[in-house]
Every structure is written in structure tokens, then in C-alpha cells.
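Observations on the model geometry
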Amino acid sequence: MSEVSQAFCILFILLLPLALAGLALINTGLSRLRSAAHSMMATLCVVGVAAAAYFVTGFAWQGYPGLPSHTLSIVGKEWSWLGAGHFFLRGVPLDGSRASLAALLQLLSVGLAAVIPLGAAAERWRLRACCISTALLAGVTYPLFAHWVWGGGWLARLGSNYGLGLGFLDAGGSATIQAVGGLTALSLVWLLGPRRGKYNLEGMPAALPGHNTVLVLFGCLLALVGWMGLNSAGSILFAGIPPGRIVLVAANTLLSAAGAVLAAAAITRYRFGKPDASLSANGWVCGLVASSAGCAYVPPAAALLIGLVAGALVTYTVAWMEAHLGLDDPAGAVSVHAIGGVWGILAVGLFPRAAALATAPSAANPAVTPTGQMLAQVVGVATLVGFVLPFTYSLNWLLNRFFPQRIPPEEERQGADLYELGAGAYPEFMTHTDEFSQW
Amino acid sequence: MKITGLLMMPAGWFIVLSALVLLRAFLAQNLFIAAGIGVEILGLVLFTRSHWVAKRGNA
């Protein structure tokens, strides 16, 4: 790795906390006043726990191409299924090598994955439970799947082992970070159930709007900067692109977000008469999420198209899940991160030639067929639904048996701020009585 | 319904993996992968529905 790549990579990694800040503001703004401080406090705790858990076991189990791993031989093919490094980052020289930069990036991006469920489980998730759940996500689930995609695991080798295009491609983490976080959010929404007052006896949802739209929209702008760093660093480390192609990555990230927010604003304007700020914000983040997988591979026009579809998807799925599936997800995290992530993964399969040119510009790999690359991406999605979702649900179900994850009903009515922290976020502000009378 | 749905998701995934490992013919491999994904989706639908029914029952 050249010194220029190294310097750029470090710079991009240091932008990543802005994505965390952006998501934290979005989650807090979309929750009600009574749980605002709890939401920010939970973000800090979760980011800390995620970094610590990843430091202890995460990188050892995730690994990096070239580092030792556990493999199985199945019908003559090597299946690398788990990293075999040392715990506590022992054996990884923190000197700017590719592996050390990947470890640094992952210490932060695992926090990003862990913040996603906070938005879905807002206002009813105990602080202690969310810390333990995060430790399981960052220490077990995330590294396992990340090894398969980014650590030289079997998904990454679908191309060389089974001739499926270039193998599973995910430069910036639509699957590894976003979909894993989004599916964990879905598990928690199922386990915790809806907030009190969200559904009436007939199962009709009530609107429980967030308390600060300005925070949400400012969070979107911060997230853009963080995402540019994430996608750029991921593209250098996991897709092996040269620093010059970061221009393409940044342009794709922005265009995807732009397409998504415009689509969401236009659709909500058409459906409700006025553009909806919170759904447009969801659209923006969904565009960023969907951009991650293909940011290093697809042309800018394709990134815009990916964003347009992501924005349209999120506006319909948020309402549909709430009304027809009974999912109370205040921040729309499941739609934005799980569905947006899956769309981003599949979108890479729609542009297989672009992917081939990006990875081997001198000779576009003739073995890369449209169906082969799409099949690799589909196998990745099947792994998310068939392994990651049941696995993360089972872990959280077990946790719930020993440490009930939900705040008790009476305390939930008072708000998570008072119950868990002893004070509200805005003690000198007047609160509306209906804020506390909604069940 | 919940446990059936939960078990059907990994079952579908194993069908996908088996198709990858055991089948070489393009059509057969694609068909089995599609079947595996169908099983996963069916499991997901059952699992989601079991939660929704339980919630409505408790409302």
C-alpha cells in the first residue's frame, strides 16, 4: 500500500465519527421529548461497548485477507468461515499496514452498525440491555459476517471458487454494516413490541411524531460527510481501488443520497400534498446506505438511479411496515438500513461490467457474466436473511430471557429519560400535556 | 408458527448453499437457489405474521 493511499485512508477513517453523530441526531430527533437524553446517552454507551467488544474478539474473528483463518474443505473447495487471529488485536502491528487500517475502520464502523437498532427500539429499550446486546452484535454477529465478506471468507471467494462473477461485492458496507444493523433492529422491534399507545385495539397505528426535525435534518448532513469517509476508506481497503478513484466514490455517494431525497420528497409531496421532512430524511440516509455496496464500481448515473429507487422504497416501506406488519420503528431503521442495504447489494449485480472494469481496468474480466455477479449478490442476501436474522434474533431472545430488555410500562409512560437517567433532556422547557397522556 | 418460521429461514439458506456446492448445471443451480430463497421468504413471512398475530392478541 502506497503512502498516499495510507494517508488518504487514515483521513477518511477519521471522518467516520461524523456518520455516528449524524445517526445519533437522527435517532434522537425522531424520538419523543421524554426520551431524548436517553437516546444520546445510549449512543455513547453503545459506541463504547461496540469498540471494546470488537477490540476483544471482533477483529480476531473477522480477520483480513492474508491473516490466518479457520477453513473447511467442502467438495474440494476451501471455505474460510472464521478468522483465527489473536484476541485484543495482538499480532496486528498498528503501523499503517492494510490490516491495521482495516482494524481501525472496523472499530468505528461496528459502532455505526450498533447505533442502528437504537433508532428502531427508541423510547423502550433499557440502557443495560442495549449495552449487552451491542456486545453480542459487535463481538460475535458482526465479525462473523464481516469475515465472510471482508476477511477473505467464503462469500468473497464465490467468484474464484464457483465462478460467480467477482464474488460477493460490498465496498462500503451495505451488507456488512447496514443490513446487519438493520436486521438486528428488526429483531429488537419484534422482541420489544410497539411503544404504548402506538396501536389501538383494532391494530391501527397512531402517529407519534419525533420532537425535533432540525436535529434530524442536520444529522443527515453530518451523515453525508461520514458516509463519504466510510465509503472511501472501505473502497481502498476492501475493493483495492487507487486513491484517484475516490472522486468516483464521493460523487456516487452524494448522487445516491441526492436521488433518494428528491424521490422521497417528490413522492411524499404527491401522496400527502406537502413534502414530509422525516421521510425525506429517511430517504437521504437510505440513499447513503444503498450507495455503499457499489460506490467503487458503478458509474455516477447508476448511483443516481440507485438513490432514486432507494428513496422511493423507503417512503412506501416505512408506512407499510407500520400499518401492515405492526412494526413500531420510530426512526425507520429497518426500512432505511435493512431494505436499503439489500437494495444496494442487489444493485451491484445489475452493473456487473462496471464492477469488472473497476477491479481490473486493463482487461475487463470476460468471466464476469451478468447472472454470475447477480447470483453472488443474491447468495449474500440469502445469507443475511437465512443466517444473520435468525442468529441475531436468537441471541437477543436469549438475552431477553435473562435481562428483560424493555422498560416497564409505567416507567415508559414517564419517559426513558426520567426512568433511566433521572432527568430530562430539556428540564427548563414546557412540555405539552398530550405528550404524557398518549399511551 | 414462530418457531417454524425461524427454522425455515436457515433451511432455505442451506438449500442455497447446497445448490452452490453440489450443482454445476446452470439451470439446476439457479432453480435450487431460487427455491432456497423462496423457502427463506416463506419463513420470514410466517415469522413476521406470528409476531403481528401475537401483538393483536395482546392489544
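Residues numbered from 1 in each chain as written. Chains lettered and ligands numbered in written order. Predicted model: local features only at pLDDT ≥ 70, side-chain atom pairs only at ≥ 80, totals over all residues.

To continue, consider the overall build of chain B. Helix and strand counts for chain B stand at 2 helices and 0 strands. Every one of the 59 residues in chain B was classed for burial, and the buried ones make up 31%. The long-range share in chain B, meaning contacts at least 24 apart out of those at least 6 apart in sequence, stands at 68%. (Helix = DSSP H or I, 4+ residues; strand = E, 2+ residues; numbered from the N terminus. Buried ≥ 20, exposed ≤ 12 C-beta atoms within 10 Å, placed from the backbone. Contact = placed C-beta atoms within 7 Å.)

Glancing now at the interface of chain B and chain A. The interface is formed by 19 residues belonging to chain B together with 21 residues belonging to chain A. Breaking the side of chain B that touches chain A down by element, the ones donating at least two residues are α1 (2-22) and α2 (26-58) of chain B. The biggest single contributor to the side of chain B that touches chain A is α2 of chain B, with 10 residues. Partitioning the side of chain B that touches chain A into residue classes produces 12 nonpolar, 4 polar and 3 charged. (Nonpolar A, V, L, I, M, F, W, Y, C, P; charged D, E, K, R; others polar.)

Before going further, it helps to examine the nonpolar core. Generally speaking, a soluble globular protein has its nonpolar side chains buried in company with each other. Counting 166 residues, the largest nonpolar core has Val-115, Ala-138, Val-189, Val-285 and Val-379 of chain A together with Val-16 of chain B as the members making the most contacts within it. The greatest single-element share of this core, amounting to 16 residues, is contributed by helix α3 (residues 98-120) of chain A. Here Ala-138 of chain A is in contact with Val-49, Ala-50, Ala-53, Tyr-54, Gly-58, Val-110 and Ala-114 of chain A, once residues within four sequence places are set aside. (Core = buried A, V, L, I, M, F, W, Y, C linked by C-beta atoms within 7 Å.)

All names here are of chain A. Two elements in contact, α3 and helix α7 (residues 213-238), have axes separated by 11 Å at closest approach and are oriented at 150°. As judged from the angle between their axes, α3 and α7 are roughly antiparallel. Crossing of α3 over α7 shows left-handed handedness. Contact residues: α3 offers Arg-98, Leu-101, Ala-102, Leu-105 and Ser-109, while α7 offers Leu-230, Ala-233 and Leu-237. Grouping the amino acids of the contact of α3 with α7 by side-chain chemistry returns 6 nonpolar, 1 polar and 1 charged. (Axes fitted to C-alpha atoms, helices over the stretch in contact; angles between N-to-C directions. Parallel < 35°, antiparallel > 145°, perpendicular 65-115°, else oblique. Left-handed = near helix turned anticlockwise from the far one by under 90°.)

In this structure, Trp-13 of chain B sits in helix α1. It is 18 Å that separates the C-alpha atoms of Trp-13 of chain B and Leu-27 of chain B, two residues lying 14 residues apart in sequence. With near-sequence residues (within four places) excluded, Trp-13 of chain B lies in contact with Ala-382, Thr-383, Gly-386 and Phe-387 of chain A together with Gly-36 and Glu-40 of chain B.

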